[in-house]
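One letter stands for each residue in the lines below.
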Protein chains: 2
Amino acid sequence: MAGTDREQTLLTDGPAIILVEPQLGENIGMVARAMANFGLSELRLVNPRDGWPSEKARATASRADHVIDNVAVFGDLASAIADLSFVFATTARQRDNFKPVRGPVDAGRALRSRFLAGQKTGILFGRERFGLFNEEVGLADEIVTFPVNPAFASLNIAQAVLLMAYEWMKSGMESEIATPFSGPDVVPAEKEHLIGLLTHLEAALSARGYFRPAPKKPKMVDNLRAVLTRPGFTEAEIKVLRGVVASLDYFSPKEPRGSGYPDRKAEADRAGGTGRGEHE
Amino acid sequence: MAGTDREQTLLTDGPAIILVEPQLGENIGMVARAMANFGLSELRLVNPRDGWPSEKARATASRADHVIDNVAVFGDLASAIADLSFVFATTARQRDNFKPVRGPVDAGRALRSRFLAGQKTGILFGRERFGLFNEEVGLADEIVTFPVNPAFASLNIAQAVLLMAYEWMKSGMESEIATPFSGPDVVPAEKEHLIGLLTHLEAALSARGYFRPAPKKPKMVDNLRAVLTRPGFTEAEIKVLRGVVASLDYFSPKEPRGSGYPDRKAEADRAGGTGRGEHE
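Residue positions are counted from 1 within each chain, in the order its sequence is given. Going through the entries in the order they are written, you letter the chains from A and number the ligands from 1. Confidence filtering applies because this is a predicted model: local features only for residues at pLDDT of at least 70, side-chain atom pairs given and counted only at 80 or more, and all residues used for totals across whole chains, interfaces and linings. The basis for the side-chain values is all heavy atoms of the structure; hydrogens and waters are excluded.

Some words on the sheet that holds strand β1 (residues 16–20) of chain B
Residues and elements named next belong to chain B.
- Each pair of strands is called paired provided DSSP finds at least two bridges between the two strands. Under the DSSP-based scheme used, a helix requires at least four consecutive residues in state H or I and a strand at least two consecutive residues in state E, with every element numbered from the N terminus. With parallel pairing, the 7 strands of this open sheet are ordered in space as β3-β2-β1-β6-β4-β7-β5. The outermost strands of the open sheet, each flanked by one partner alone, are β3 (72–74) and β5 (101–102).
- Of the strand pairs in this sheet, strand β2 (residues 43–46) and β3 are connected by 3 bridges, and their pairing is parallel. Bridged to R44 within β3 is A72.
- Pairs of residues are marked as contacts when any of their non-hydrogen atoms sit within 4.5 Å. Axis lines are fitted to C-alpha atoms, over the contacting stretch for helices. Their N-to-C directions set the angle, which ranges from 0 to 180 degrees. Seen against the sheet, helix α1 (residues 25–37) touches β1 and β2 and runs at an angle of roughly 155° to β2.

A few points about a nonpolar patch on the surface
- Residues enter patches when their relative accessible area tops 30% and they take part in no salt bridge; the joining distance is 9 Å for like charges and 5 Å for the nonpolar side chains Val, Leu, Ile, Met, Phe, Trp and Tyr. We get accessible surface area from the Shrake-Rupley algorithm with a probe of 1.4 Å; when it comes to residues, only the shown protein chains can shield them. Here, a salt bridge means any side-chain nitrogen of Lys or Arg that lies within 4 Å of a carboxyl oxygen of Asp or Glu. A grouping of A:F98, B:V240, B:V244 and B:L248 is seen on the molecular surface, where their side chains present a nonpolar patch of about 370 Å² in accessible area.
- Mapped onto the secondary structure, B:L248 falls in helix α10 (residues 235–250).

Remarks on the domain arrangement of chain A
- The split into domains, and so the bounds of each, comes from an automatic or database assignment of domains. When its domains are assigned, chain A resolves into domain 1 (16–170) and domain 2 (191–271).
- The gap between the C-alpha centroids of domain 1 of chain A and domain 2 of chain A is 61 Å.

Topic: the layout of surface pockets
- Space inside and on the surface of the protein is sampled on a 1 Å grid over the protein atoms alone, with a cavity defined as a set of points where a 1.4 Å probe fits but cannot get out and a pocket as an open set with protein on both sides within 12 Å along at least 5 of 7 lines; lining residues have an atom within 4 Å of a point. Grid points are joined across faces, edges and corners, and a volume is the space filled by probe spheres set on the points. In this structure, the second largest pocket occupies an estimated 450 Å³ of space.
- Around the second largest pocket, the lining is made up of 15 residues, and of these A:P231, A:E237, B:P100, B:D141 and B:E142 lie nearest the centre.
- In this classification, Asp, Glu, Lys and Arg are treated as charged, Ala, Val, Leu, Ile, Met, Phe, Trp, Tyr, Cys and Pro as nonpolar, and every other residue, Gly included, as polar. Along the lines of polarity and charge, the residues of the lining of the second largest pocket split into 7 nonpolar, 2 polar and 6 charged.

Concerning the packing of helix α8 (residues 191–207) of chain A against helix α10 (residues 235–250) of chain A
Residue and element names in this part refer to chain A.
- With their axes 10 Å apart at the nearest point, α8 and α10 run at an angle of 15° to one another. In terms of orientation, α8 lies roughly parallel with respect to α10. Along this stretch, α8 crosses α10, giving a crossing that reads as left-handed. Taken together, the residues of α10 that come into contact with α8 (itself represented by H193, L194, G196, L197, H200, L201 and A204) are E235, I238, L241, R242, V245, A246 and D249.
- The residue makeup of the contact of α8 with α10, split by class, is 8 nonpolar, 3 polar and 3 charged. An angle counts as roughly parallel when it lies under 35 degrees, as roughly antiparallel when it exceeds 145, as roughly perpendicular when it falls between 65 and 115, and as oblique in every other case. Note: crossing handedness is left-handed where the near helix turns anticlockwise from the far helix by less than a right angle, and right-handed where it turns clockwise.

Let's talk about the relation of the copies chain B and chain A
- In superposing the copies, a least-squares fit is computed on C-alpha atoms, taking residues whose pLDDT is at least 70 in both. Superposition of chain B onto chain A requires a rotation of 179° combined with a translation of 0.0 Å along the rotation axis, giving an RMSD of 0.2 Å. Such a combination of turn and shift is consistent with a two-fold rotation axis.
- Of all interface residues in chain B, 100% are interface residues in chain A too; the two copies therefore contact each other through one and the same surface.

A look at the interface of chain B and chain A
- Taken together, the contacts link 70 residues of chain B with 70 residues of chain A.
- Summed over both sides, the interface of chain B with chain A buries roughly 6,400 Å², with 62% coming from carbon and sulfur.
- One can count 4 salt bridges joining chain B with chain A.
- Among the salt bridges present, the one from A:E167 reaches B:K170, with a minimum N-O distance of 3.5 Å.
- Two N or O atoms count as a polar contact when they lie within 3.5 Å, although within protein this holds only if one can serve as hydrogen donor and the other as acceptor, and sequence-adjacent residues are included solely when both atoms are side-chain atoms. Inspection of the chain B/chain A interface yields 20 residue pairs in polar contact (both at pLDDT 80 or more). Buried surface area refers to the total accessible area, computed with a probe of radius 1.4 Å, that the two partners give up upon joining, counted for both partners together.

Concerning helix α7 (residues 157–171) of chain A
Residue and element names in this part refer to chain A.
- In this scheme, a helix's expected span is set at 1.5 Å multiplied by one less than its residue total. The end-to-end C-alpha distance of α7, which contains 15 residues, comes to 21 Å, matching closely the 21 Å that a straight helix rising 1.5 Å per residue would cover.
- For each residue, the accessible area found with a 1.4 Å probe, counting protein chains only, is set against the maximum for its type, and the residue is called buried under 20%, exposed over 50%, and partly exposed in between. Most of α7 sits inside the fold, with 14 of its 15 residues counted as buried.
- The N-cap of α7, judged by a side-chain oxygen 3.1 Å from the amide nitrogen of A158 a few residues on, is N156.

Observations regarding the packing of aromatic side chains
- Between rings of Phe, Tyr and Trp, where Trp is taken as its six-membered ring, a pair exists when centres lie within 6.5 Å; planes separated by under 30 degrees are stacked, by over 60 edge-to-face, and by other angles tilted. Tallying each qualifying case throughout the model produces 11 aromatic pairs over all chains.
- Ring centres of B:F86 and B:F88 lie 5.1 Å apart, and the angle between their planes is 85°; on these two criteria the pair is classed as edge-to-face.
- When its relative accessible area of 4% is taken as the criterion, B:F86 is described as buried.
- Exposure remark for B:F88: the relative accessible area of 0% places this residue in the buried category.
- Among the aromatic residues, ring-to-ring pairing joins A:F38, A:Y166, B:F38 and B:Y166 into one connected group.
- The ring of A:W168 is capped by A:R112, whose NZ or CZ atom sits 3.6 Å from the centre of that ring. Two conditions define a charge sitting above a ring: the NZ of Lys or the CZ of Arg must be within 6 Å of the ring centre, and it must be within 35 degrees of the ring normal.

Points about the environment of B:A158
All names here are of chain B.
- Looking at the element boundaries, A158 is found in helix α7 (residues 157–171).
- Accessibility expressed as a relative area gives 7% for A158, which makes it buried.
- Sequence spacing of A158 and E128 is 30 residues, and the spatial spacing of their C-alpha atoms is 9.6 Å.
- Not counting residues within four places of it along the chain, the set of residues in contact with A158 comprises N27, M30, V31 and A34.

Side note on the pattern of salt bridges
Residues and elements named next belong to chain B.
- Scanning the entire structure with this criterion turns up 31 salt bridges over all chains.
- Linking R102 and E142 is a salt bridge whose minimum nitrogen-to-oxygen distance equals 2.6 Å. In this pair, R102 is assigned in strand β5 and E142 in strand β7 (residues 142–144), connecting sequence segments 40 residues apart.
- According to the relative accessible area criterion, R102 is partly exposed, its value standing at 23%.
- Judged by its relative accessible area of 11%, E142 is buried.
- K239 is the partner of E235 in a salt bridge, and the nearest nitrogen-oxygen pair spans 4.0 Å. Separated by 4 residues within a single helix, E235 and K239 lie in helix α10, roughly one turn from each other.
- Residue K239 is classed as exposed on the basis of its relative accessible area of 56%.

Some thoughts on the pairing of strand β1 (residues 16–20) of chain A
Residue and element names in this part refer to chain A.
- Counting buried residues in β1 gives 5 out of 5 residues, a clear majority hidden from the surface.
- Taking every second residue as pointing to the same face, both faces of β1 are buried, with A16, I18 and V20 on one and I17 and L19 on the other.
- The sheet contact formed by β1 and strand β6 (residues 121–125) spans 4 bridges and is parallel. Bridge pairing links I17 to I123 in β6.

Points about the sheet that holds strand β7 (residues 142–144) of chain A
Residues and elements named next belong to chain A.
- Taken in spatial order, the 7 strands line up as β3-β2-β1-β6-β4-β7-β5 in an open sheet, and their pairing is parallel. Looking at strand neighbours, the two that pair on one side only are β3 (72–74) and β5 (101–102), the edges of this open sheet.
- Pairing geometry for β1 and strand β2 (residues 43–46), over 4 bridges, is parallel. From the neighbouring strand, I18 faces β2, where its bridge partner is R44.

Below, the structure is given as structure tokens:
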């Protein structure tokens, strides 16, 4: 899925990601990679088990060096969030407290509107094995939880960070269905192009005796037109199909290559071979 | 983030995930885990480099055994999608073809509506290093691409599967901001509770000479009321605060613990200690 464009500005704003007592350097690296993919760069660690820096973290970060280089390490959670105005805690379990609970879409939007208001925010992620303690959740303002399969809830820390980073990115998009690049505009061609194709094809088929017996011809033409009308072909697609019909029409089994070219070409042109000629 | 409830029905419906020539068993395992978290279970492999079965895949699948056990292996992509009616190809790069391009939210919805119409669908994911070849994309109906940071686009295969599986799950939710569990309903208390708290607190502060000099008292009361009104405290929260005020009021520095208890208790009750008494 690589597609990095180094000419583009590196996105770095947004909430801090705070990992509480992460155990494996590999997971910290995967978190950094997940963050970088969706434009986050501020990673804070509270008492990483194997210390910091970590070569394993750097290796799995897949060149998210700007995140790894700026990691800040704290001795306790209170210090790690001291400069933040609003903090989410991620948790998979219901907690018995006064915290509002949001899903990731809603949380991404909440973080974005606080960001736009100039507030510094963060998201807490707990230990690999058992998440956050209740008193750690207690330091957060609200809870985020993920809509996982109730019978198989096993998101790891980097997956949870990925989903939040993704929702953060989405919350800043003009439209949630925007894409970084687009396919061609699929605008059905003006009808003259489709009619040109049908006329061309019907002439070629007629010449070969396709429409038999004769009384069935109107129904057969009707079916053929329905099949080729439903897709709503664009002008470019119709050009491709015209080429296909012209080619089949030319290399006919009855007329081996090289025989009669000028005549058949002229016939194709009469039937609308330029895609426009027949109605000009 | 573990929170699996084995009593719940295991979700298994939905699009097939098709990995084209995956290299590492670990990645296949992480894909299975990502799928299981969001209720997908049908994993197909086209020419996995290291063969199948893979112990590494099972180890990293984190008990998504139902996915690993049902993996189907194919010798070519056309066979792997032969029974599907609609196929998405994931890609990070613009392709020069006629395919419509969608973001993951939109793609999740499209897959859901085809699923509800009884169509069998699939999503293609390319090789770790260079994705899908153009002719492989050509076998798909439409393209999905992710709204990644243009300057750091490095989603791995399991991350890409996770995002699509997540959007698949979301597309089936009644509301995209639904959560598997909720916090308490945050309904601001009826005003009599807030007024009870304010009356109690103001009485306790008055008794200690807090409102000085006297001419400033109205403004000070006004500020205090504004601070305690803005949060929109619930009835339960106001009960907590009443307890705090009563406790501070009782263990006053001027009156050491044990002295004068009955009188101060009576005063607190007069000021609204039950949370309702003062307006009955």
